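Understanding the architecture of this molecule
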Amino acid sequence: MRAVDAQQKSSVIGSNIGAGPDVCAEILAGERGFEILDFMMSGSPPANENELNDRRKREAFFLVDRTLYFDKEIMEAARKGIKQFVILAAGLDARAWRLPLDNSHTIYEVDCESGLKYKSEKISGLKVDLKCNRVTVAADLSQALWTSLLIKAGFSVDEPAFFLAEGLLMYLPRNAVPKLMQGIVSVSAPGSIHCGDLLINTGIKHNPLQKKLAKLGTKWTYDATNMDEFENVMRSAGFKESNIEMGSQMGAVERDEAEKRQNNGKLSYAGDPKLKHKAHVLIGAIRSWRTWPGPAQDWILQHLVKGAEGVKELLTTIAEDRQNTWGMQTFSKAEQDEVVRLLLEVIDNGGLTQELLSQKSYLAEARGNVGFFTKMCQIYSMMKQMRELKKNGKSGYFVYKCNV
């Protein structure tokens, strides 16, 4: 997905940290990476290359925002004097090449041996010099031994460090998450920082996206029951403080800053910035509809069969935000209506309506193939989510930052 961003005339990744796009991503991902991206997309096959590119760009929207967020956190840590950066389950991450660090900084990439081997084969094709020191550590993060291997690779427990767990926790066994956090704290000097992301109360067991993940040989396994549960994990591990926020808020400010740089300091929308930022939050949530519970997908389909008017009804209901999931309850009706107008007419040049309608056939087929018993299980799972949401007020994808 970072490769898709790099292919755009106005790429976003790197724009918020004084760096260029992720030009390494396409080589590291290879053809297989694009095959997986296309497999994860839904809807009828794209009619041409332009439509394929547009759909890939929309599919990458979330990951681009996530990259902007964590890039910013890493560079802020570097400005505070942190020299050690540990990327857990590094995969095909190219930060060692693209972040504006120098040879006083070291990035430790911790991953399984097979993943590091695959990456080393791809690295030979890169035509970009390393910006900092890069050290690989072959380790199983579900086992406590990874900290010893990190130290053996040259990591200093006497110096503060930045630990990143991006797109990792949801793939770990539930009992491995507290152990991972304890491991991070055990090798963290005072002043160290840990950032990551997770799912909270999303009902992953019956999530329709699990079928696609299973075909890729993986699945989501960790979904915190509520915010308190995860905060207790962090406190028990020894973190002094933690900040957890909705992941859908990522990237709004950064995208505005990128637009200003590209348009001589001007934004295309002259209205209240908070409304555009809220529209950004909602479009991120809407584009993650495949992670929504099955009954919620049935609800989306009921609107899509009505055409463009149904899309407007759908967005209006989401903007009303009766559970206050996205903080829309503090907005007046006029402000909610303006957010809907932004979604329909401004964001992505008004392409959201057609984007959603293009999913109608896919949704109808996918939900039509779900058996009665499975639907009942999904309804029960969603009811549990709603009860937990009413009690604790949090559900969805979150990013977090903790200090040692």
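Up top you'll find the structure we're talking about.
Structure report, in brief. Source: prediction; values computed, not measured.

1. Here's the deal with the overall build of the protein chain
- Secondary structure summary: the protein chain contains 17 helices and seven strands in total.
- Over its C-alpha trace the protein chain gives a radius of gyration of 21 Å, about what one expects of a compact globule, namely 22 Å for 404 residues.
- Principal-axis analysis of the C-alpha atoms gives the protein chain an extent of 60 × 50 × 40 Å.
- By residue count, 50% of the 404 residues in the protein chain fall in the buried class.
- Taking all contacts inside the protein chain whose residues are at least 6 apart in sequence as the whole, residues at least 24 apart take part in 75%.
- Split by element, the accessible area of the protein chain, about 18900 Å² in all, is 51% carbon and sulfur.

2. Points about unusual backbone geometry
- One non-glycine residue, Ala 89, lies in positive phi territory at about 55°.
- By the element assignment, Ala 89 lies in the loop between β1 (84–88) and α4 (95–98).
- Positive phi is not limited to glycine here, since Asp 321 has a value of about 50°.
- Tracing the backbone shows Asp 321 in the loop between α13 (308–320) and α14 (333–346).

3. Things to note about the pairing of strand β2 (residues 106–111)
- Of all six residues in β2, six are buried, a share of seventy percent or more.
- Of the pairings in the sheet, the one linking β2 to strand β3 (residues 133–138) comprises six bridges and is parallel in character. Following the sheet pairing, Glu 109 is matched in β3 by Thr 136.
- For the handedness criterion, the β-α-β arrangement of β2, helix α5 (residues 113–123) and β3 is classed as right-handed.

4. Description of the side chain of Gln 210
- Along the chain, Gln 210 falls in helix α8 (residues 210–215).
- Its relative accessible area of 13% is what places Gln 210 among the buried residues.
- Not counting residues up to four positions away in its chain, the partners in contact with Gln 210 are Ile 204, Lys 219 and Trp 220.

5. A few points about helix α9 (residues 227–237)
- By the burial criterion, the buried members of α9 are Met 227, Phe 230, Val 233, Met 234 and Ala 237. In a view along the axis of α9, the buried residues occupy a sector of 130°, so they form one face of it. Of the exposed residues in α9, those oriented more than 90 degrees away from the buried face are Arg 235 and Ser 236.
- Where α9 is buried, its residues meet α7 (176–186), β5 (193–200), β6 (241–246) and β7 (396–403).
- You can read the cap of α9 off the contacts: a side-chain oxygen lies 3.2 Å from the backbone nitrogen of Asp 228, and it is on Asn 226.
- Within two residues after α9, Gly 238 carries a phi angle of roughly 115°, on the positive side.

Parameters at a glance
In every chain, residue numbers begin from 1 and rise along the written sequence. pLDDT decides what is reported in this predicted model: residues at 70 or higher carry local features, side-chain atom pairs at 80 or more are listed and counted, and totals for whole chains, interfaces and linings draw on all residues regardless. Derived side-chain values reflect all non-hydrogen atoms in the structure, with water molecules and hydrogen atoms excluded from consideration. Going along the chain from the N terminus, every DSSP run of H or I of four or more residues is numbered as a helix, and every run of E of two or more is numbered as a strand. Two things to know: the radius of gyration comes from C-alpha atoms, and the globule rule equals 2.2 Å times the number of residues to the power 0.38. Burial here depends on accessible area, computed with a 1.4 Å probe over protein chains only, as a share of the maximum for the residue type. Under 20% is buried, over 50% is exposed, and the range in between is partly exposed. Residue contacts are defined here by distance: any two heavy atoms, one from each residue, within 4.5 Å place the two residues in contact. Per-residue and other accessible areas follow the Shrake-Rupley method at a 1.4 Å probe size, with only the shown protein chains counted as cover for residues. A strand pair is defined by DSSP finding two or more bridges across the two strands. Crossovers are marked right-handed if the path from the first strand over the helix to the second runs clockwise, as seen with the strands pointing away from the viewer. It is the directions from the helix axis to the C-beta atoms that the arc portrays. Under the rule applied, a polar contact is a pair of N or O atoms within 3.5 Å (in protein, one hydrogen donor and one hydrogen acceptor; residues adjacent in sequence only if both atoms are side-chain atoms).

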